[in-house]
Amino acid sequence: MMNRLELIQKLPKAELHLHIEGSFEPELMFEIAKRNKVNIRFKSIDEIKEAYNFHNLQSFLDIYYEGAGVLLHEKDFYDLTYAYLLKCKEDNVVHAEIFFDPQTHTDRGVSFETVISGIKKATIKAHEEWGMTAHLIMYFLRHLSEEEAFKTLKMSEPFKKDIIAVGLDSSEVGHPPSKFKKVFDEAMKMGYLTVAHAGEEGPPEYVWEALDLLKVKRVDHGVRSIEDEKLLKRLIDEEMPLTVCPLSNIKLCVFEKMEDHNLKKLLQQNVKVMINSDDPAYFGGYANQNYIATAEALDLSNAEIIQLAKNSFDASFMTDELKQSWIKACEAFNE
Ligand code: ADE
Ligand code: ZN
């Protein structure tokens, strides 16, 4: 039998929950800050890493938005994205659906085009170099108004063909999905698919709203759905994917320790969960490190690890043909 570490390394995987701004490693942050002549309040890489001690989502978001503030030019977004794609290559992540937060940049005077062009060019390069595929998902910041989200939606129009879906992220509690129903309706009319963070820190009611009002195709996190039996049944019946991010959940104190994480329970009840890294530069690891930490703490079997990888393709927005071929490649690891 193949050992767990080898299996995790060798399995092809898709990553469906990755904020590109959350893959900003301190080393690259310093380099870009220096070339852009932007001041950052940290004096060293060690000092930055020390600041990465979070007690909830907001304490993380404050630092995450601050870090993103050094990104100014297309090349900055290109370098950021290409560095993440190289990590994918190392981890055998063959497909990524990359989230970006336009408002974090446009509110500082960086154009929508600068952001998306840099990200897009890096994905094209990765495709040319090692055949990796990617989609882009544009996220609205839920702590801002729906009107602001509408402005961002409008800005996205010339780049519509490069964006597969819209989503909702940032401070969850107090900003329910219902706040964004109208803008999601408009986005769907424009042809975008929809996703949303829900049930990370927020209650199961937010997951209901994401399903009923925003018509999401996947729920980001969604781990608090387990508190509501009816909701759980619906997720199972509808085969609704949850893009779970284990290391993130521990770092942001959604669960006290990895042994307490509910991923295995969800998987065993047939909820379509998979493993993702969310903001790997801040939470201590990329895809494989998330798989390893979870598999060890929850004692996942090889069959369960393979199921997670299959779910990652099944829940992706790639074509059915490509999906089936990757699922088959995963199944080849079953003994
Ligand atoms: N933005 C980046 N990471 C996030 C997370 N885990 N939850 C909500 N918004 C985010
Ligand atoms: Zn997230």
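The model shown is predicted, which means the values in this text are computed figures rather than measured ones. (Residues numbered from 1 in each chain as written. Chains lettered and ligands numbered in written order. Predicted model: local features only at pLDDT ≥ 70, side-chain atom pairs only at ≥ 80, totals over all residues. Heavy atoms only, no water.)

Participant: Looking at this structure, I do not really get the packing of aromatic side chains. What am I missing?
Facilitator: Pairs of aromatic rings are described using the distance from one ring centre to the other and the angle between the two planes. Enumeration over the complete set of coordinates arrives at 16 aromatic pairs. A ring pair is formed by Phe 54 and Phe 60, whose centres lie 5.4 Å apart and whose planes are at 75°; its orientation type is edge-to-face. In this structure, Phe 54 and Phe 60 share a single accessibility class: buried. Here a set of aromatic residues connected by ring pairs shows up, and it is made of Tyr 52, Phe 54, Phe 60, Tyr 64, Tyr 65, Tyr 282 and Phe 283. (Phe/Tyr/Trp six-rings, centres within 6.5 Å; stacked < 30°, edge-to-face > 60°. Buried < 20%, exposed > 50% of the residue type's maximum accessible area, 1.4 Å probe, protein only.)

Participant: Just checking my understanding: could you explain the site of ligand 1 for this structure?
Facilitator: Taken together, His 19, Leu 57, Phe 60, Leu 61, Tyr 64, Asp 169, Ser 170, His 197, Glu 200, His 221, Asp 278 and Asp 279 make up the full set of residues adjacent to ligand 1. Between a nitrogen atom of ligand 1 and a side-chain N or O atom of Asp 279, the distance comes to 2.7 Å. With the chains in place, 100% of the 260 Å² that ligand 1 exposes on its own is no longer accessible. Of the residues assigned to the shell around ligand 1, the class counts are four nonpolar, four polar and four charged. (Near = heavy atom within 4 Å. Polar contact = N/O pair within 3.5 Å; in protein donor to acceptor, adjacent residues only side chain to side chain. Areas by Shrake-Rupley, 256 points an atom, 1.4 Å probe, with all protein chains shown as cover. Nonpolar A, V, L, I, M, F, W, Y, C, P; charged D, E, K, R; others polar.)

Participant: Which parts of the structure should I look at to understand the sheet that holds strand β7 (residues 242-244)?
Facilitator: Whether parallel or antiparallel, the strands of a sheet pair through hydrogen bonds between backbone atoms. Within the open sheet, the eight strands sit side by side as β1-β2-β3-β4-β5-β6-β7-β8. Their pairing is parallel. Looking at strand neighbours, the two that pair on one side only are β1 (13-19) and β8 (273-275), the edges of this open sheet. In this sheet, adjacent strand axes meet at a mean angle of 25° when their direction is disregarded. Bridge analysis of strand β6 (residues 218-221) against β7 gives two bridges, and the strand direction is parallel. Each bridged residue has a counterpart across the sheet, and for Asp 220 the counterpart in β7 is Thr 243. On the sheet, helix α7 (residues 112-130) packs against β2 (93-100) and β3 (133-141) and is oriented at approximately 160° with respect to β3. (Pairing = 2+ DSSP bridges. Helix = DSSP H or I, 4+ residues; strand = E, 2+ residues; numbered from the N terminus. Axes fitted to C-alpha atoms, helices over the stretch in contact; angles between N-to-C directions. Contact = heavy atoms within 4.5 Å.)

Participant: Hey, could you run me through the coordination of the zinc ion (ligand 2) in this one?
Facilitator: In an ideal tetrahedron of four donors about a metal, each angle is 109.5 degrees. In an ideal octahedron of six donors, the angles are 90 or 180 degrees. Donor atoms from the polypeptide that bind the zinc ion (ligand 2) are His 17 (NE2), His 19 (NE2), His 197 (NE2) and Asp 278 (OD), placed at 2.0 to 2.3 Å. Each of the four donor atoms around the zinc ion (ligand 2) contributes to a set of angles spanning 81 to 173°, which defines the coordination as irregular. One chain supplies every donor for the zinc ion (ligand 2), spaced along it as H-x1-H-x177-H-x80-D. Assessed through its relative accessible area of 0%, His 17 is described here as buried. On the accessibility criterion, His 19 (4% relative accessible area) is buried. (Donors = N, O, S within 2.8 Å, 3.2 Å for Na, K, Ca; no water. Tetrahedral: all angles 85-135°; square planar, octahedral: opposite > 155°, others 65-115°.)

Participant: Would you mind showing me how to read the pattern of salt bridges here?
Facilitator: Pairing between side chains of opposite charge can happen when their charged atoms approach one another. Summed over the entire model, instances satisfying the criterion amount to 25 salt bridges. A salt bridge links Asp 79 to Lys 75; its shortest N-O distance comes to 3.0 Å. Linking Asp 79 with Lys 75, this pair stays in helix α5 (residues 74-91), spanning four residues, or about one helical turn. By relative accessible area, Asp 79 is classed as buried at 14%. With a shortest N-O distance of 2.8 Å, Arg 218 and Glu 97 are connected by a salt bridge. With a gap of 121 residues between them, Arg 218 in strand β6 and Glu 97 in strand β2 connect regions that are remote in the sequence. Of the residues examined, Glu 97 reaches a relative accessible area of 0% and is grouped as buried. Residues participating in the shared-partner salt-bridge network are Glu 31, Arg 35, Lys 75, Asp 76 and Asp 79. (Salt bridge = Lys/Arg side-chain N within 4 Å of Asp/Glu carboxyl O.)

Honestly, it's all geometry; don't read function into it.
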